[in-house]
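Fold and geometry: a report
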Amino acid sequence: MNTMLRKSVLGIAGLAFTGGIFAGPVAAHAAEPVNSTKPVAVAVQSDKLIPHGVQGAQSKITLNDEQTANAKAIIAATKKAGLPERAAVISIATSLQESKLENLGHLGDKNDHDSLGLFQQRPSSGWGTPEQITDPEYSTLAFEKGLKQVDGWQDMPLTEAAQTVQVSAYPDAYAQWEQQAADIVAQHWNS
């Protein structure tokens, strides 16, 4: 079986299997305007940060101090877990999609069930307590624990790896943040 077909079959099997195990949050992403969906110039071309190249149009937002601190916290937690830069890229891209790197508390009627924090994780789905989920280190380590359980995550396109953990209603949405996530990791990994 050729490599591409094998990865596709394994990816689909992994999604079906993982969906039953994780029962992770299903984020309700209302159609919200994105700052930019125009393709952006590729600033990072490292094989370890973007091994498959970006998929589709890329979005980018300007980060404030809080969002930058949250990105740095994700990088620090990734290092603490002993994972490579690619795991930080996947984690940051996931957080950009789920919360725009904002550590969100309860959003009232706009909230997807009981989703909280950088990754919009749900206490009712076993991600942790509200206090844990809104702790950037804890939520990152919880996300990455799920990522490590995805067989072959290192070799998957970002959106497939993120979706396998998150089980989102919008599985392809993570791809649009790959370039910005890689740029953030390149900028802050060694700082």
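Residues numbered from 1 in each chain as written. Predicted model: local features only at pLDDT ≥ 70, side-chain atom pairs only at ≥ 80, totals over all residues. Heavy atoms only, no water.

Excluding glycine, residues mostly have negative phi values, and the peptide bonds linking residues are mostly trans. Its identity as a non-glycine residue notwithstanding, L101 has a phi of 60 degrees, on the positive side. Tracing the chain through its elements places L101 in the loop between α3 (85–99) and α4 (130–133). Of note in the backbone geometry, Q120 takes a positive phi value of approximately 50 degrees without being a glycine. Tracing the backbone through its elements, the reader meets Q120 in the loop between α3 and α4. (Helix = DSSP H or I, 4+ residues; strand = E, 2+ residues; numbered from the N terminus.)

The topology assignment puts S59 in the loop between α1 (3–22) and α2 (65–80). For S59 and Q97, which are 38 residues apart along the polypeptide, the C-alpha to C-alpha distance reads 9.8 Å. Separated by 2.6 Å, the side chains of S59 and Q176 make a polar contact. (Polar contact = N/O pair within 3.5 Å; in protein donor to acceptor, adjacent residues only side chain to side chain.)

The subject of this paragraph is the packing of aromatic side chains. Considering all chains together, one arrives at one aromatic pair under this definition. With a centroid separation of 5.0 Å and 10 degrees between ring planes, the pair formed by F119 and F143 is classed as stacked. Pair noted here: F119 is in the loop between α3 and α4 and F143 is in helix α5 (residues 136–148), with a separation of 24 residues, a long-range link. Like F143, F119 is buried. Seen from the ring of W189, K79 lies directly overhead, with NZ or CZ sitting 5.0 Å from the centre. (Phe/Tyr/Trp six-rings, centres within 6.5 Å; stacked < 30°, edge-to-face > 60°. Buried < 20%, exposed > 50% of the residue type's maximum accessible area, 1.4 Å probe, protein only. Lys NZ or Arg CZ within 6 Å of the ring centre and 35° of its normal.)

This paragraph deals with the confidence of the model for the protein chain. Note that predicted coordinates carrying low pLDDT should not be read in detail. When pLDDT is averaged along the protein chain, the result is 79; 72% of the residues meet or exceed 70. Looking over the protein chain, one finds the lowest element-wise mean pLDDT in α1, namely 40, and the highest in α2, namely 98. Scored below 50 in pLDDT, residues 1–45 shows 71 contacts in the model against residues more than four places distant or in partner chains. (pLDDT = per-residue confidence, 0-100. Contact = heavy atoms within 4.5 Å.)

Attention now goes to α2. Here α2 contains 16 residues, and its C-alpha end-to-end distance of 22 Å stays within 8% of the 22 Å for a straight helix at 1.5 Å per residue. If you check which residues of α2 are buried, you get Q67, N70, A71, I74, I75, A77 and T78. One side of α2 holds all its buried residues, which, seen down the axis, span an arc of 165 degrees. The exposed residues of α2 that point more than 90 degrees off its buried face are D65 and K80. Looking at the buried residues of α2, the elements they touch are α3, α5 and α7 (178–188). Structurally, the start of α2 carries an N-cap: the backbone nitrogen of E66 is 3.0 Å from a side-chain oxygen of N64. (Expected span 1.5 Å × (residues − 1). Arc of directions from axis to C-beta.)

Proximity of charged atoms lets side chains of opposite charge pair with each other. Summed over all chains, the structure comprises two salt bridges. One salt bridge in this structure joins K80 and E137, with 2.6 Å as the shortest N-O distance. Linking K80 in helix α2 with E137 in helix α5, this pair joins segments that are 57 residues apart in sequence. For E137, a relative accessible area of 35% gives the class partly exposed. For E178, the salt bridge identified is with R86, shortest N-O distance 2.7 Å. On the criterion of sequence distance, the pair formed by E178 in helix α7 and R86 in helix α3 is long-range, its members being 92 residues apart. For R86, a relative accessible area of 5% gives the class buried. (Salt bridge = Lys/Arg side-chain N within 4 Å of Asp/Glu carboxyl O.)

This part covers α3. When the terminal C-alpha atoms of α3 are compared, their 21 Å separation across 15 residues agrees well with the 21 Å that a helix rising 1.5 Å per residue should span. Counting buried positions along α3 yields 15 of 15 residues, so the element is predominantly enclosed. Once α3 finishes, K100 follows within two positions and takes phi at roughly 60 degrees, a positive value.

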